[in-house]
Amino acid sequence: MTERVSEFGTSAALPLAEGDVAQKTAGDMLREAREAHGLHIEMVAAALKVPPQKLLALEADDIASLPDPVFARALASSVCRALRIDPAPVLAKLPGAQRAPLAETNRTLNARVVSDTPRWNGGRSSGLPSRALLAVVVLLLIGAGVLFWMPQSAFDQIGASVARLTAKSDAESVPSADQGGVSEPVPTQAVAPTGPAGAAPAAGVVAAVPAAPASAPMVAVANTSTASSQQLVFVAREECWVTVTEAGGKQLLRRSLQVGETVGLSGALPLSVVVGRASAVDVQVNGKPYDLKPVTRGGGVARFEVKS
């Protein structure tokens, strides 16, 4: 016989034999422990601050009357602590107790999961990307940053260079007679005779301005009356390039202008105009001078439209 000390006092109780424990339910063990202390069930319920009906249901092994198995196990543990008895045999009889084979199975599964987890080699996981891939990603990010922060003037200069190269290539491969610009013919003028009457040429014979050689590029010349009749007139003071596109996307002019060259043209409105080296060309729109400075961006490229 042993002395059991609890918050309800000291009482003598016979320890349960292993054979007895195996044949008893959790409710039986709790009831015998309470009765060994000589306590009424209402005293235990008051000490634990639970309704007596719940303790009666627990001692009667009526787990269905309790909120859930978790509550039943918690209540049983509290009763065991109050009565100073080992809670392990009681909890083993309640629902939710884990059997030894199931626990062993869980340990085996946990060991397999841990063994299958990728291991770290020298602080680096085998699943991480390689250095070469990281370097490519970093280079791409740097390139994107450079393009994002590059000023607009740099793009304009690049566009002007490409347009000049394209225009020169077109001028070399396409005959001057097939250029998109509308060229004005070179006017001819009559030459009055200056010698004696006997030496004068026959009536009706006029001297024409010699035409340029066939191999030389055609130069479009516009006098005052012709320029006033064209929507656009370009007078090149220095070498430059011009692109004019009418409504519908058809290009009327796309080539370089030489020094002193004048080109006049008209087309379906609106006319989209791009001029490279805008400071080297004079522009007239509908017979009036047009200032390119307000529409000139970085790289000396001017862009504007003629809408009327």
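Asks: Any chance you could explain the sheet that holds strand S8 (residues 262–265) here in plain terms?
Replies: For sheets, the rule is that strands pair by backbone hydrogen bonds, running either parallel or antiparallel. Strand order in the open sheet made by the 4 strands is S8-S5-S10-S11, with antiparallel pairing throughout. On the outer flanks of this sheet lie S8 and strand S11 (288–290), each paired with one strand and no other. Taking each pair of neighbouring strands and ignoring which way they run, the sheet shows an average axis angle of 25 degrees. Across 3 bridges, the pairing between strand S10 (residues 281–285) and S11 is antiparallel. The partner of Val 285 across the bridge, within S11, is Lys 288.

Asks: Where do I start with the sheet that holds strand S9 (residues 271–276) in this structure?
Replies: Reading across from one edge, S7-S6-S9-S12 is the order of the 4 strands in this open sheet, with antiparallel pairing throughout. Of all strands in the sheet, those bounded by a partner on one side alone are strand S7 (251–257) and strand S12 (301–306). Strand-to-strand, the axes of this sheet are offset by a mean angle of 10 degrees, without reference to chain direction. Two elements, strand S6 (residues 240–245) and S9, share 5 bridges in a ladder whose sense is antiparallel. Opposite Val 242, over in S9, you have Val 275 as the bridge partner.

About the cut-offs
Residues numbered from 1 in each chain as written. Predicted model: local features only at pLDDT ≥ 70, side-chain atom pairs only at ≥ 80, totals over all residues. Heavy atoms only, no water. Pairing = 2+ DSSP bridges. Helix = DSSP H or I, 4+ residues; strand = E, 2+ residues; numbered from the N terminus. Axes fitted to C-alpha atoms, helices over the stretch in contact; angles between N-to-C directions.

Read these as spatial facts, not as claims about activity.
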